[in-house]
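So you can see what is in the structure, the chains are spelled out below.
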Amino acid sequence: QKEVEQDPGPLSVPEGAIVSLNCTYSNSAFQYFMWYRQYSRKGPELLMYTYSSGNKEDGRFTAQVDKSSKYISLFIRDSQPSDSATYLCAIAGTYKYIFGTGTRLKVLA
Amino acid sequence: GAGVSQSPSNKVTEKGKDVELRCDPISGHTALYWYRQRLGQGLEFLIYFQGNSAPDKSGLPSDRFSAERTGESVSTLTIQRTQQEDSAVYLCASEEASNTGELFFGEGSRLTVL
C-alpha cells in the first residue's frame, strides 16, 4: 500500500465550479499536511499547509484534514482557468515529505 | 539568488553516459532535497541534506546515483551509466529549516536518455 494515495484525474470542470481534490494516507505518524500546485514544466509551489484536523481557509482555497479517517482534501471555490494545474498533496512526519501522484485539473473558460 | 536554480534545464544523453545535475538553493536554506518525477507520476524522494549532518540517501534507486552538497551551498546529483528508465525530471528543493512545510522547488532538470 502506498503511503499516500491520490486520484490522478484528469479532472475537467467549468469556470466557477467548486473543485474537490482528495488524498488518503496510511501512516498516522504523519503530522503535517500540505497541498502544492504545479504548473506545466514548473516546480511545485506550496499552496496550503496545516498540521491539525479541521479546515483552513485561504481565499478561494480550503484545506481539510480528518486525521481519524486519514483523509485530506482541498476545495477550490469559484474555480478559474488560471487554476488549471496539477495539485499534489504531501504529508510529512519528521523531515521527510511524501507526495501523492498529483491530480491534473483543467478549468474550462 | 531569488529562487532555487537548477541546471541544465534539459539534458539529452546516450545510454551509458554519466550526467551531472546541479542545484543552487536559496541562500540561508539549510535543508536540500532531490526528487525524481517521472511522466504522469508523483515526486519520488531521492536524497535529503540538512546542514553538515550525514545525508539521508535512502531514496537513491541504485548505486549509479550519488549526490553531494558542500555545507549549505550547491548540490550536485550524479547519475552514472545512465539507463533509459532514468529519463525523468529531477527536482531540487530547499527549505529554510526542517519541518517548515514549505519546500521551494527549482524548475527541474529534464533528463532524456536515448
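Up top is the structure these notes are about.
Let me begin by describing the structure that accompanies this report. Since this is a predicted model, take the numbers as computed values, not measurements.

This part is about the pattern of salt bridges. Residue and element names in this part refer to chain A. The tally for this structure, following the rule as stated, stands at seven salt bridges over all chains. Across the pair glutamate 45 and arginine 37 runs a salt bridge whose closest N-O atoms are separated by 3.2 Å. With a shortest N-O distance of 2.8 Å, arginine 60 and aspartate 83 are connected by a salt bridge. Residue arginine 60 is located in the loop between strand 6 (54-58) and strand 7 (61-66), and its partner aspartate 83 is located in the loop between strand 8 (71-76) and strand 9 (85-92); the two are separated by 23 residues in the primary sequence. We classify arginine 60 as partly exposed; its relative accessible area is 25%.

All names here are of chain B. Tallying each qualifying case throughout the model produces two disulfides over all chains. Shown here is the disulfide that connects cysteine 23 with cysteine 92, its sulfur atoms set 1.8 Å apart. Residues cysteine 23 and cysteine 92 are joined through a disulfide that is left-handed, its torsion about the S-S bond being -65 degrees. With cysteine 23 in strand 3 (residues 19-24) and cysteine 92 in strand 8 (residues 88-95), this residue pair connects regions lying 69 residues apart in the sequence. Residue cysteine 23 shares its accessibility class with cysteine 92, and that shared class is buried.

Okay, the interface of chain B and chain A next. The extent of an interface is frequently quoted as the accessible surface area lost upon association of the parts. Between chain B and chain A, the residue contacts involve 22 residues of the former and 19 residues of the latter. A combined buried area of about 1,700 Å² lies between chain B and chain A, and 50% of that area is made up of carbon and sulfur atoms. Contact with chain A buries surface across chain B, with Asn99, Gly101 and Glu107 of chain B losing the most and accounting together for 28% of the total. Our count for the chain B to chain A interface comes out at one salt bridge.

A few words now on the sheet that holds strand 3 (residues 19-25) of chain A. Across a sheet, paired strands are connected by hydrogen bonds in the backbone, their directions being either parallel or antiparallel. All names here are of chain A. Reading across from one edge, 1-3-8-7-6 is the order of the five strands in this open sheet, with antiparallel pairing throughout. Of all strands in the sheet, those bounded by a partner on one side alone are strand 1 (4-6) and strand 6. Neighbour to neighbour, the strand axes of the sheet diverge by 20 degrees on average, direction disregarded. With six bridges joining them, strand 3 and strand 8 adopt antiparallel strand pairing. Its bridge partner being in strand 8, asparagine 22 is matched across the sheet by serine 73.

Here we come to the pairing of strand 8 of chain B. Residue and element names in this part refer to chain B. In terms of burial, strand 8 is a largely internal element, eight of the eight residues being buried. Where burial is concerned, the two faces of strand 8 agree: the one with Ala88, Tyr90, Cys92 and Ser94 and the one with Val89, Leu91, Ala93 and Glu95 are both buried. When strand 4 (residues 31-37) meets strand 8, the two strands line up antiparallel, connected through seven bridges. Paired with arginine 36 across the bridge in strand 8 is tyrosine 90. Summarising the sheet, strand 8 and strand 10 (residues 109-113) pair through three bridges and their orientation is antiparallel. In the sheet register, alanine 88 faces strand 10, and the bridge partner there is leucine 111. In the sheet, strand 8 pairs with strand 9 (residues 104-105) via two bridges, with the strands oriented antiparallel. Residue alanine 93 lies in a different strand from strand 9, and its bridge partner there is phenylalanine 105.

Quick look at the packing of aromatic side chains now. Scanning the entire structure with this criterion turns up 12 aromatic pairs over all chains. Ring centres of tyrosine 97 of chain A and tyrosine 33 of chain B lie 5.6 Å apart, and the angle between their planes is 80 degrees; this geometry places the pair in the edge-to-face category. Of this pair, tyrosine 97 of chain A sits in strand 10 (residues 97-99) while tyrosine 33 of chain B sits in strand 4, each in a different chain. We note that tyrosine 97 of chain A, like tyrosine 33 of chain B, is buried. Look at tyrosine 33 of chain B and tyrosine 48 of chain B: their rings are 4.9 Å apart centre to centre, the planes differ by 45 degrees, and that puts the pair in the tilted class. Highlighted residues: tyrosine 33 of chain B in strand 4 and tyrosine 48 of chain B in strand 5 (residues 43-50), separated in sequence by 15 residues. Like tyrosine 48 of chain B, tyrosine 33 of chain B is buried. Connected via pairs of aromatic rings, a cluster forms that spans Tyr36, Tyr97 and Phe99 of chain A together with Tyr33, Tyr35, Phe45, Tyr48 and Phe105 of chain B.

Rules and cut-offs
Residues numbered from 1 in each chain as written. Chains lettered and ligands numbered in written order. Predicted model: local features only at pLDDT ≥ 70, side-chain atom pairs only at ≥ 80, totals over all residues. Heavy atoms only, no water. Salt bridge = Lys/Arg side-chain N within 4 Å of Asp/Glu carboxyl O. Helix = DSSP H or I, 4+ residues; strand = E, 2+ residues; numbered from the N terminus. Buried < 20%, exposed > 50% of the residue type's maximum accessible area, 1.4 Å probe, protein only. Disulfide = S-S within 2.5 Å. Contact = heavy atoms within 4.5 Å. Buried area = accessible area lost by both parts, 1.4 Å probe. Pairing = 2+ DSSP bridges. Axes fitted to C-alpha atoms, helices over the stretch in contact; angles between N-to-C directions. Phe/Tyr/Trp six-rings, centres within 6.5 Å; stacked < 30°, edge-to-face > 60°.

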